[in-house]
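# Inside the fold
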Amino acid sequence: MTLKTEPVTINLGPQHPSTHGVFRFRVTFDGEQIADIEPIFGYLHRGSEKLAEERTYAQVVTLTDRMDYVSSMLSNQAYILAVEKLCGIEPSPRGVWLRMIAAELQRIASHMVAIGFLLQDLGTWGTPLTYAMRERESVLEMFEMLCGARITNSYLRPGGVFMDAPVEFLPVLDSFLSALPHRIDELESYLTGNEIIFARTKGVAVLKPEIAINASLTGPMIRASGIDWDLRHRDPYDYYDRVSFKRPLHRAGDNFARYWVRMQEMRECITIIRQCVEQMEPGPVRPSHDDVPYLLRPPVGDAYVAIEGSKGELGFYLVSDGGISPYRCHVRAPSFINLTLLREMLIGTLMGDLFVSFGSVDLNMGEVDR
Amino acid sequence: MQGQGLLKGLGVTMKNFVRPVHTVQYPDRKVGLLGAAKRAGVSPFRFFADNPREGLKALLFIATVPERVQQAPRFRGNEFTWYEDRCTGCASCAKYCPLGIIKIVTHPGGIDVQEGESYAIDVFDIDIGRCMFCGLCVEACPYDALHMGSQFERGNYVRNDLVIDIEQLRSNLKRPSSWFRPQFEERKFDPFKGETVDDHYKAGRHEQPSPDELKERWVDGRK
Ligand code: SF4
Ligand code: SF4
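Here the structure is a predicted model, which means the values were calculated and not measured.

### Overview of the overall build of chain A
Of the regular secondary structure elements, chain A holds 15 helices and eight strands. Each principal axis of the C-alpha distribution contributes one length, and for chain A these read about 85 × 45 × 35 Å. Per-residue burial for chain A yields a buried fraction of 62% across its 370 residues. When the accessible area of chain A is evaluated, it comes to approximately 13,600 Å², of which 55% is carbon and sulfur surface. Charged side chains of chain A number 37 positive and 47 negative; the gap between the two group centres comes to 2 Å.

The structure is reproduced here in structure tokens:
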């Protein structure tokens, strides 16, 4: 006798603890397989883009902190680069090096969060998450040294950074960078060889390179599908053309590949930071107030700048009408665009893999909804 | 071999089991007699003899000592340090605040006529219930009158109590953070050691270090 089964539609979220923020799925299950999935978002919409139209260019930095609150330095950087392009500001070299260091540190912190939570979703209940968070903590402590805040940094200013790093910063950075490879090795020996993780992540939620390109995915997502697309290399901003680094690629396109690419990218961040520290020269960290006043009035026009954020191409589009605040500000949020392929990724997988695959996208609801 | 990876992982967990912990038991932590004596800076016998009550508690492991993490001098706490003598009432800080939560009311003070009349300040309210401690107001202050504070424990039950008014700003302990104030950094001022800067002469004016000084500090100092 065969049992008759019917598809069941279930709402997951918006308050489920492992949905990485307030996010809701409407999933249709056929038995244990996912037959259809519809992402519903907008629960964290704060209207940051609209708020930016009411603030002066210098004040908008504080809003960008709160977009992707796991990698606020990178949001700062993207916005500041857009302002610099809009106003034609020539940044101070030392400020650029410092903000590259800050950005790469932030990438380490953000990938640590991604990896930690991915494994939390796999059911490792906290242990690797605490290890990953411990490393992130050291980065946040360094941010506190640099700019007095851990999450909402507001460290960057048009033309550089607001203040030079304190004297204690470099030794701390140095000891962190020498300790980090061992910590990553340890985390890898803990996880990368683990049979349970292999079984749960290999071959799950595979993204073919063609559809990844079609959906304009970016960041670790597309590099895990084997496409060598990294804006730091393709379209260098700041001084990324003066540092050399490898771009880890994985061809499988499954959850394991996405985890692996992030893991390897953190090692590359270390080499980038080391090169930045070496090439950094003393000097002012931002142009004088005569060149870059507090109240910027860019000429009429628009500017789009994209950087390689921790989650993908993070772009800011600013339109100026000649006034003191942007006429329009639009953010190309990588998490949001990486989310569009959720359906293709997940149809046909099992219920238990849903949150793991969702975590492997590494999205941040603050950025998706803005 | 199947299961090798799992065992390796368990090895890492065991290694971490004996490492020093990273977690801080804020706001206080239970200590035994040795810990309590160490915190008080005396020998355990002395500690017990001096206050037997505390010593007994410590012996039973129910004594507590306050526990804080090390904060950076630039930490932006949720209070402000303000030097009234130096404030001209120009309200740059209020204008620069992204949220518009600083309220300043002034009237002509009638003093300092030669230097351009300064204003007497009637109201200086900062609504820290909405403040995001971005520090832009501090950056905007042209006279170094406003500084970020360094404390962060201002928990409250009433929203209105979160508004810092001029009386509080006058009477608060002055523990400025060195955020955007290089002069504090220069002399290694650390607000977390309990130091205060009582008047604006001691606070000094901020001046970005010259490239030569920077070279000395960063390049020569590192060798
Ligand atoms: S710290 Fe920021 S939000 Fe708070 S009062 Fe100053 S400018 Fe406004
Ligand atoms: S900007 Fe400084 S001087 Fe002007 S009103 Fe504010 S605290 Fe006073």
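### Looking at the domain arrangement of chain B
Where the parts come together, the accessible area they lose is often given as the size of the interface. With domains assigned, chain B is organised as domain 1 (20-66) and domain 2 (80-202). Just the C-alpha atoms count here: the centres of domain 1 of chain B and domain 2 of chain B sit 38 Å apart.

### Re the sheet that holds strand β5 (residues 119-127) of chain B
Residue and element names in this part refer to chain B. What the three strands build is an open sheet, ordered β4-β5-β7; its pairing is antiparallel. At either end of the open sheet lies a strand with only one pairing partner, and these are β4 (102-108) and β7 (163-164). Bridge count for β5 against β7 is two bridges, and the pairing is antiparallel. Along β7, the bridge assignment pairs Ile-126 with Ile-164.

### Topic: the sheet that holds strand β6 (residues 301-308) of chain A
Residues and elements named next belong to chain A. The three strands lie next to each other as β6-β7-β8, forming an open sheet whose pairing is antiparallel. Edge positions in the open sheet fall to β6 and β8 (328-332), since each of these has one partner strand only. Looking at each pair of strands side by side, their axes are set apart by 10° on average, direction ignored. Sheet topology note: the β6/strand β7 (residues 313-320) ladder contains eight bridges and is antiparallel. Its bridge partner being in β7, Tyr-304 is matched across the sheet by Tyr-317.

### A word on the packing of aromatic side chains
In this structure the tally under the stated criterion is 14 aromatic pairs over all chains. Between Trp-82 of chain B and Phe-124 of chain B, the ring centres sit 4.8 Å apart and the planes meet at 45°, which makes this aromatic pair tilted. With Trp-82 of chain B in strand β3 (residues 80-82) and Phe-124 of chain B in strand β5, this residue pair connects regions lying 42 residues apart in the sequence. Per residue, the accessibility class of Trp-82 of chain B equals that of Phe-124 of chain B, and both read buried. Put simply, the rings of Tyr-155 and Phe-162 of chain A together with Trp-179 and Phe-180 of chain B touch in pairs and so form one group of aromatic residues. Over the aromatic face of Tyr-239 of chain A sits the side chain of Arg-242 of chain A, whose NZ or CZ is 3.9 Å from the ring centroid.

Quick notes on the rules
Residues numbered from 1 in each chain as written. Chains lettered and ligands numbered in written order. Predicted model: local features only at pLDDT ≥ 70, side-chain atom pairs only at ≥ 80, totals over all residues. Heavy atoms only, no water. Helix = DSSP H or I, 4+ residues; strand = E, 2+ residues; numbered from the N terminus. Buried < 20%, exposed > 50% of the residue type's maximum accessible area, 1.4 Å probe, protein only. Areas by Shrake-Rupley, 256 points an atom, 1.4 Å probe, with all protein chains shown as cover. Lys, Arg positive; Asp, Glu negative; His and termini not counted. Charge placed at Lys NZ, Arg CZ, Asp CG, Glu CD. Domains from an automatic or database assignment. Pairing = 2+ DSSP bridges. Axes fitted to C-alpha atoms, helices over the stretch in contact; angles between N-to-C directions. Phe/Tyr/Trp six-rings, centres within 6.5 Å; stacked < 30°, edge-to-face > 60°. Lys NZ or Arg CZ within 6 Å of the ring centre and 35° of its normal.

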